[in-house]
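Descriptive structure summary
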Amino acid sequence: MRQAGRYLPEYRELRAQAGDFLTTCLTPEMAVEITLQPIRRFAFDAAILFSDILVLPHALGQSVRFEEGTGPILKALTRASDIDDLAVRGFIDRLAPVYEAVRRLRADLPAQTTLIGFAGAPWTVASYMIEGRSSKDFAKAKAWAYRDPVSFQRLIDLLIETTADHLICQAEAGAEALQLFDSWAGVWPEGALRRWCLDPARAIRERVRAACPDVPMIAFPRGVGLLYETFAETSGAEGLSLDTTVPLVWARDHVQTKVTVQGNLDPIALLAGGEAQREETARILDTLAAKPFIFNLGHGILPETPIVHVQTLVDHVRAWRAPA
Ligand code: CP3
């Protein structure tokens, strides 16, 4: 959940000297250095590759840039024929710097530090490809899916195939676990959620398993509520990343019985620190840590988060012991 990033002064310093954000992602030296920054400071059990979910649309030939203060800006797809113009052939070659970063990281990281590769899930990536930027209501992307499900399915299928290939290449380069980020899964009613989020997650899981049977996958279908249980039962993912809103006792009884869970500290509790952070962290550990569990946030760390709160969190989690 954004281990690297603007909350670290060494990240801000490197980014101030580097070029644009996408170039930073696609320059192995920089991607490696940024991935290692939080590991040097906190010695987390796992390192997540520094990259972005939007390197995929970029590799498919869509114009993608990141604007300070606004976030990503893409040349939005507006009609079905735009899908056919995407440059699927050769897209993986344009992502070669990502795999090079993974190879170097596996060599540079301590042996006990798991390296996690990742990609965006088809719906979340499609939402940026159609909206052209971050959105509040996803009206353009959702309306496309409702009005013309045939062409929308074509886009999702293209993303299933390319995302699976992108994940397989990361695993072959040395990623030891893979995470699939569906940050905007929670905006759909049930039927659409199954079609545009659950089915693609399962399809990607199956493709990746066929190529790399020993590499586990963590899915992050953020905001799906009760359907977390369905994801646990049918997505094929070995791990599920719980968002901050998931009730923990329910998750313990209905999700953790089926897959490993991770989560779900409110990033704002970490930003606030103090008693709120301590209580929330303790509640998560006490509820979930007796079964397969990875301590994590419920969403990305915020740039304003004081570093000392992160250190306090690490110390708290490392000191936790199961009640005798
Ligand atoms: O966790 C990590 O350290 C790995 C790196 C990582 C980034 N993005 C780097 C990044 C990961 C796993 C992502 C995933 C990602 N990217 C998601 C899914 C997870 C989520 O947070 O919901 C999404 C939706 C994106 C798309 C994206 N990238 C947005 C909307 C933004 C702008 C928001 C912002 O904070 O400015 C980004 C930029 C981005 N990706 C930054 C980082 C460190 C900040 C860029 C900077 O200011 O240097």
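What comes next is a walk through the structure. (Residues numbered from 1 in each chain as written. Predicted model: local features only at pLDDT ≥ 70, side-chain atom pairs only at ≥ 80, totals over all residues. Heavy atoms only, no water.)

Here we come to the side chain of Arg-15. With respect to the element layout, Arg-15 can be found in helix α1 (residues 9–17). Buried Arg-15, no salt bridge; nearest opposite-charge side chain is Glu-68, N-O distance 5.3 Å. Within the structure, the side chain of Arg-15 is placed 3.0 Å from the side chain of Thr-24, a separation counted as a polar contact. Ignoring anything within four residues of it in the chain, the contact list for Arg-15 reads Asp-20, Phe-21 and Thr-24. (Helix = DSSP H or I, 4+ residues; strand = E, 2+ residues; numbered from the N terminus. Buried < 20%, exposed > 50% of the residue type's maximum accessible area, 1.4 Å probe, protein only. Lys, Arg positive; Asp, Glu negative; His and termini not counted. Salt bridge = Lys/Arg side-chain N within 4 Å of Asp/Glu carboxyl O. Polar contact = N/O pair within 3.5 Å; in protein donor to acceptor, adjacent residues only side chain to side chain. Contact = heavy atoms within 4.5 Å.)

The next subject is the pairing of strand β8 (residues 260–265). The side chains of a regular strand alternate between the sheet's two faces. With five of six residues buried, β8 lies mostly within the body of the structure. In terms of strand pairing, strand β7 (residues 239–241) meets β8 through three bridges, oriented parallel. For Leu-240, the partnering residue across the bridge sits in β8 and is Val-261. Between β7 and its parallel partner β8, the chain crosses via helix α13 (residues 248–254), and the hand of that crossover is right-handed. Direction of pairing for β8 relative to strand β9 (residues 293–297): parallel, over a ladder of five bridges. Bridged to Leu-265 within β9 is Leu-297. (Pairing = 2+ DSSP bridges. Right-handed = clockwise from strand over helix to strand, strands pointing away.)

The next point concerns the packing of helix α9 (residues 139–147) against helix α10 (residues 149–173). The geometry of α9 relative to α10 is characterised by a closest axis approach of 5 Å and an angle of 120° between their N-to-C directions. Between α9 and α10, the contacting residues are Ala-141, Trp-144, Ala-145, Tyr-146 and Arg-147 on the first element and Pro-149, Ser-151 and Phe-152 on the second. Broken down by class, the residue content of the contact of α9 with α10 amounts to six nonpolar, one polar and one charged. (Axes fitted to C-alpha atoms, helices over the stretch in contact; angles between N-to-C directions. Nonpolar A, V, L, I, M, F, W, Y, C, P; charged D, E, K, R; others polar.)

With that out of the way, let us pick up the packing of helix α11 (residues 190–211) against helix α12 (residues 227–234). Relative to each other, α11 and α12 sit at 30°, their axes nearing to 11 Å. Judged by the inter-axis angle, α11 sits roughly parallel to α12. Note that α11 runs across α12; the crossing there is right-handed. Together, Glu-190, Leu-193, Arg-194, Cys-197, Leu-198, Ala-201 and Arg-202 of α11 and Leu-227, Thr-230, Phe-231 and Thr-234 of α12 make up the contact between the two elements. Of the residues in the contact of α11 with α12, the class split is six nonpolar, two polar and three charged. (Parallel < 35°, antiparallel > 145°, perpendicular 65-115°, else oblique. Left-handed = near helix turned anticlockwise from the far one by under 90°.)

Quick look at the pattern of salt bridges now. In the structure shown here, the tally under the stated rule is 18 salt bridges. For Asp-199, the salt bridge is made with Arg-202, and the minimal N-O distance between the two is 3.2 Å. With Asp-199 and Arg-202 both in helix α11, this residue pair falls three residues apart, about one helical turn. By relative accessible area, which is 36% here, Asp-199 ends up partly exposed. The class for Arg-202 is partly exposed, based on a relative accessible area of 26%. For Lys-258, the salt bridge identified is with Glu-233, shortest N-O distance 3.7 Å. Placement of the pair is Lys-258 in the loop between α13 and β8 and Glu-233 in helix α12, with a sequence separation of 25 residues. For Lys-258, a relative accessible area of 36% gives the class partly exposed. With a relative accessible area of 47%, Glu-233 lands in the partly exposed category. One connected set of salt bridges, linked through shared partners, spans Glu-29, Glu-100, Arg-103 and Arg-104.

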